[in-house]
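# Architecture at a glance
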Amino acid sequence: MPVPKSLFTILSHHFSTTTNLPSLSKIPSKYRAQAIQQAQKALTEYLHTTRGLPFPYAEHIARNSLFSVSNLIAKLDFSPSDFSKSFRRFLRYHPIDEFKFFFESIGISYGEVNGFLPANKFFFSEDGTVFSAACALSAFGFPWNRLGKLCKEEFSIFSQSSEDLTARLCRFKEYGLSNVSVIGICLAFPHVLSWDGELGGEIDALFDDLKRVFIDFDLATCVEENVDAWYEVCRKIRVFYDLGCEKGTVGDLMGRSKYVFLEYPEEVLVQKAEYFCRFGVRKEDVGLLLLRSPEIMNLDMETPVISVLGFLKHFGLSTKELESISRKYPYVLGRNKMANLPHVMKALNLHEWFFHKLKSGNHQLLANYVLSDPDEGLDTEFRDGLEKIKSSRCPIHTMKKLNFLHGIGYGENALTMKVLDHLHGTSIKLQERFDCLLHLGIEFSNLCMMVMSTPKVINQKPETIEQKVNFLCQEMGISLQYLDVFPAFLCFDLENRIKPRYRFHVWLTEKGFCTKAYSIASIVATSEKQFVVRLSGIHPDAPKKWSEHFSPKKPLGS
């Protein structure tokens, strides 16, 4: 029998992209597609005739379990004339693990199948709940090989009786939805099928929203009547719930902005949402902004170049306010990309103000902004430094570090170039260290200032930074805000400078030898020579005690 060309394409894809497929070395390559097709046909007959499965489901399992089928035929000797008979004979004496074939057939990847297999059970007759649930879903119209998505997200769906599942699906249709639309909704929101009890609460609120969008605002007539189209639209709707929009409250908003779900791919919605989430505001507010001002979706928020001061002026800041910003946040001045705008605003501590402007209806200012003239925001020192980088020995590495600085809000200015000269490590490492300090609780704008005054604070490993911050806050009892005043604390060696000096001062104080309160900066930053001189002024025996019991063993630098 000739093998369909599409089967060759499918097999070629699987054999070329997957290392989990068993070797079919016993079968000549030109016969492999034919052998698999014959095995699938024989397996269908076995599941239907011998095991008593309804023919459509037996066929679904056999056709959609390529890896498991390949694993079986890899064990057999091959003969073009009687392979089909040999395989049938093999099945007669070697019953298969039906669950393994089933889970692969519904769309669970072969490498994950073992995680779903029931313990010590191989036949549906031993526990047919999973299979009967799948049959009920398939009878309603769910594509067989998409059931794995439901299984992975809400496995409890398959512990329900087929009667309960069918009743629930029919209940969803009472909202005026077709079978296909209900399937798309369930694939996008699997939890609606795993819910236990009478329909109500969160599920009811969700379907109230969906009814408003699909029926009352007539979005349903714009969606093709197939599962893929409905699933795609429902996935886009889910983006806004994942952002935190409350179910049951946004149906009207979604309905009035229904073209968003028709014109833009899910990836674009997610990218736009992630962009505005970088302003550090509530995700729910980002979702509401996109629904209330859907024209934002058309704006290019990546490639345009802005002059930071010109942009702030465009959004309403006065000359006096701009002068204050220039003095307090000189590192943001000059130009930057619109892609970096969220962190520019966070570096200025203006992110909440700016997002509020957008929410208040000023989002059109984003579309109206243009550079006032070709030279607006240009910094000649930065330009000269850029030329030096391009002609340097490793320009790509340096440019990536520069892009890191732009990404945290630093503009195209001379100060940025000066900071760049003191940064060590790759851009990825610098970002990890910066993020580490953010996660420890330092405010974004304060951290940008710390980097400006003491760039070396992000030249250390994250674990080293964490250890120093923990010692500062926990053992020393000092607020994290102290780093705003003395960021260089993070640049000193913890074991050989910070710990021994601090603990010796604590000892001196506890013994009553030291009555004056020295600042942390004074204790840590003083050179070793000056530190010892100070100790002698506190008590004549203090230097000796320091040298014998507290001073680190390895030599200290000044």
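Anything mentioned here points back to the structure above.
Notes on the structure follow. (Residues numbered from 1 in each chain as written. Predicted model: local features only at pLDDT ≥ 70, side-chain atom pairs only at ≥ 80, totals over all residues. Heavy atoms only, no water.)

### Here's the deal with the overall build of the protein chain
Check the secondary structure of the protein chain and you find 33 helices and two strands. A compact globule built from 558 residues would reach a C-alpha radius of gyration of about 24 Å, whereas the protein chain, at 33 Å, exceeds it by more than 25%. When its C-alpha atoms are laid out on the principal axes, the protein chain stretches across 100 × 60 × 55 Å. Here the protein chain, with 558 residues, has 48% of them falling under the buried criterion. Just so you have it, the protein chain exposes about 27200 Å², and 51% of that area is on carbon and sulfur atoms. Each charge class in the protein chain can be summarised by its mean position, and for the 66 positive and 64 negative side chains these summaries are 8 Å apart. (Helix = DSSP H or I, 4+ residues; strand = E, 2+ residues; numbered from the N terminus. Rg over C-alpha atoms; globule rule 2.2 N^0.38 Å. Buried < 20%, exposed > 50% of the residue type's maximum accessible area, 1.4 Å probe, protein only. Areas by Shrake-Rupley, 256 points an atom, 1.4 Å probe, with all protein chains shown as cover. Lys, Arg positive; Asp, Glu negative; His and termini not counted. Charge placed at Lys NZ, Arg CZ, Asp CG, Glu CD.)

### Focus on the layout of surface pockets
Estimates place the volume of the second largest pocket at around 290 Å³. Lining the second largest pocket are 15 residues, with Lys-337, Phe-382, Leu-386, His-406 and Glu-412 positioned closest to its centre. Elements that contribute at least two residues to the lining of the second largest pocket include exactly strand 2 (335–337), helix 23 (380–390) and helix 24 (395–407). Here the lining of the second largest pocket takes four residues from helix 24, the largest share from any one element. Its residues assigned to classes, the lining of the second largest pocket shows six nonpolar, five polar and four charged. (1 Å grid on protein atoms, 1.4 Å probe; cavity = no way out; pocket = protein on both sides within 12 Å on 5 of 7 lines; lining within 4 Å. Points joined across faces, edges and corners; volume = space filled by probe spheres on them. Nonpolar A, V, L, I, M, F, W, Y, C, P; charged D, E, K, R; others polar.)

### Focus: the environment of Lys-544
As for its placement among the helices and strands, Lys-544 is situated in helix 33 (residues 542–550). A relative accessible area of 55% means that Lys-544 is categorised as exposed.

### A look at the side chain of Asn-413
Considering the arrangement of structural elements, one finds Asn-413 in the loop between helix 24 and helix 25 (414–420). Within polar-contact distance, the side chain of Asn-413 engages the backbone nitrogen of Leu-415 at 3.1 Å. Asn-413 has contacts with Pro-330, Tyr-331, Val-332, Leu-333, Asp-379 and Phe-382, leaving out every residue within four places of it along the chain. (Polar contact = N/O pair within 3.5 Å; in protein donor to acceptor, adjacent residues only side chain to side chain. Contact = heavy atoms within 4.5 Å.)

### Observations regarding the state of the cysteines
For the structure on display, the rule yields zero disulfides. You can see Cys-234 has no disulfide; the closest cysteine sulfur is in Cys-186, sitting 9.0 Å from it. You can call Cys-234 buried: its relative accessible area is 0%. (Disulfide = S-S within 2.5 Å.)

### Here we look at the nonpolar core
One finds Phe-142, Leu-193, Phe-214 and Phe-276 to be the most contacted residues of the largest nonpolar core, which totals 171 residues. Take this core: its biggest share by element is ten residues, from helix 13 (residues 227–242). Those residues within four positions of Leu-193 in sequence are excluded, and the remaining contacts are Leu-137, Phe-142, Leu-150, Ile-157, Gln-160, Leu-165, Arg-168, Leu-169, Phe-172 and Cys-186. Counting eight residues, the second-largest nonpolar core is a separate cluster that includes Cys-514, Leu-535, Ile-538 and Ala-542. (Core = buried A, V, L, I, M, F, W, Y, C linked by side-chain atoms within 4.5 Å.)

### Brief notes about the packing of aromatic side chains
Within this structure, the stated rule accounts for 42 aromatic pairs. Ring geometry for Phe-116 versus Phe-155: centroids 6.1 Å apart, planes at 45°, classification tilted. Here the residue Phe-116 occupies a position in the loop between helix 6 (98–105) and helix 7 (129–140), and Phe-155 occupies one in the loop between helix 8 (147–153) and helix 9 (162–173), the gap between them amounting to 39 residues. Seen from their ring centres, Tyr-482 and Phe-486 are 6.1 Å apart, and the 70° between their planes marks the pair as edge-to-face. As far as burial versus exposure is concerned, Tyr-482 and Phe-486 are alike and both buried. (Phe/Tyr/Trp six-rings, centres within 6.5 Å; stacked < 30°, edge-to-face > 60°.)

### Observations regarding helix 4 (residues 66–73)
The element helix 4 is largely enclosed, with a buried count of seven among its eight residues. Where helix 4 is concerned, the buried positions are Leu-66, Phe-67, Ser-68, Val-69, Ser-70, Leu-72 and Ile-73.

### Remarks on the pattern of salt bridges
If charged atoms from side chains of opposite charge come close, those side chains can pair. A complete count under the given rule lists 22 salt bridges for this structure. One salt bridge connects Lys-499 with Glu-495, and the closest N-O pair in it is separated by 2.9 Å. Note that Lys-499 and Glu-495 are positioned in helix 30 (residues 494–510) at a spacing of four residues, about one turn of the helix. Several salt bridges converge on common partners, so that one network encompasses Lys-149, Glu-153, Arg-238 and Asp-242. (Salt bridge = Lys/Arg side-chain N within 4 Å of Asp/Glu carboxyl O.)

### Re the packing of helix 2 (residues 29–50) against helix 5 (residues 83–93)
If you want to describe how two helices pack, look at the angle between their axes and the distance between the axes. Where helix 2 meets helix 5, the axes come as close as 9 Å, and the angle between the chain directions of the two elements is 40°. Taken together, the axes of helix 2 and helix 5 lie oblique to each other. Crossing angle aside, the handedness with which helix 2 passes helix 5 is right-handed. Touching Ala-35, Gln-38, Ala-39, Ala-42, Leu-43, Glu-45 and Tyr-46 of helix 2 are Phe-83, Ser-84, Phe-87, Arg-88 and Leu-91, all from helix 5. A breakdown of the residues in the contact of helix 2 with helix 5 according to their chemical character gives eight nonpolar, two polar and two charged. (Axes fitted to C-alpha atoms, helices over the stretch in contact; angles between N-to-C directions. Parallel < 35°, antiparallel > 145°, perpendicular 65-115°, else oblique. Left-handed = near helix turned anticlockwise from the far one by under 90°.)

### Some words on helix 13
Between its terminal C-alpha atoms helix 13 stretches 22 Å, which fits the 22 Å expected from 16 residues at 1.5 Å a residue. Among the 16 residues of helix 13, twelve are classified as buried, and the element is accordingly described as predominantly covered. Those residues of helix 13 lying buried are Val-227, Ala-229, Trp-230, Tyr-231, Val-233, Cys-234, Lys-236, Ile-237, Arg-238, Val-239, Phe-240 and Tyr-241. The opening residue of helix 13 is Asn-226, an N-cap whose side-chain oxygen sits 3.2 Å from the backbone nitrogen of Asp-228. Once helix 13 ends, the next one or two residues include Gly-244, with phi positive near 110°. (Expected span 1.5 Å × (residues − 1).)

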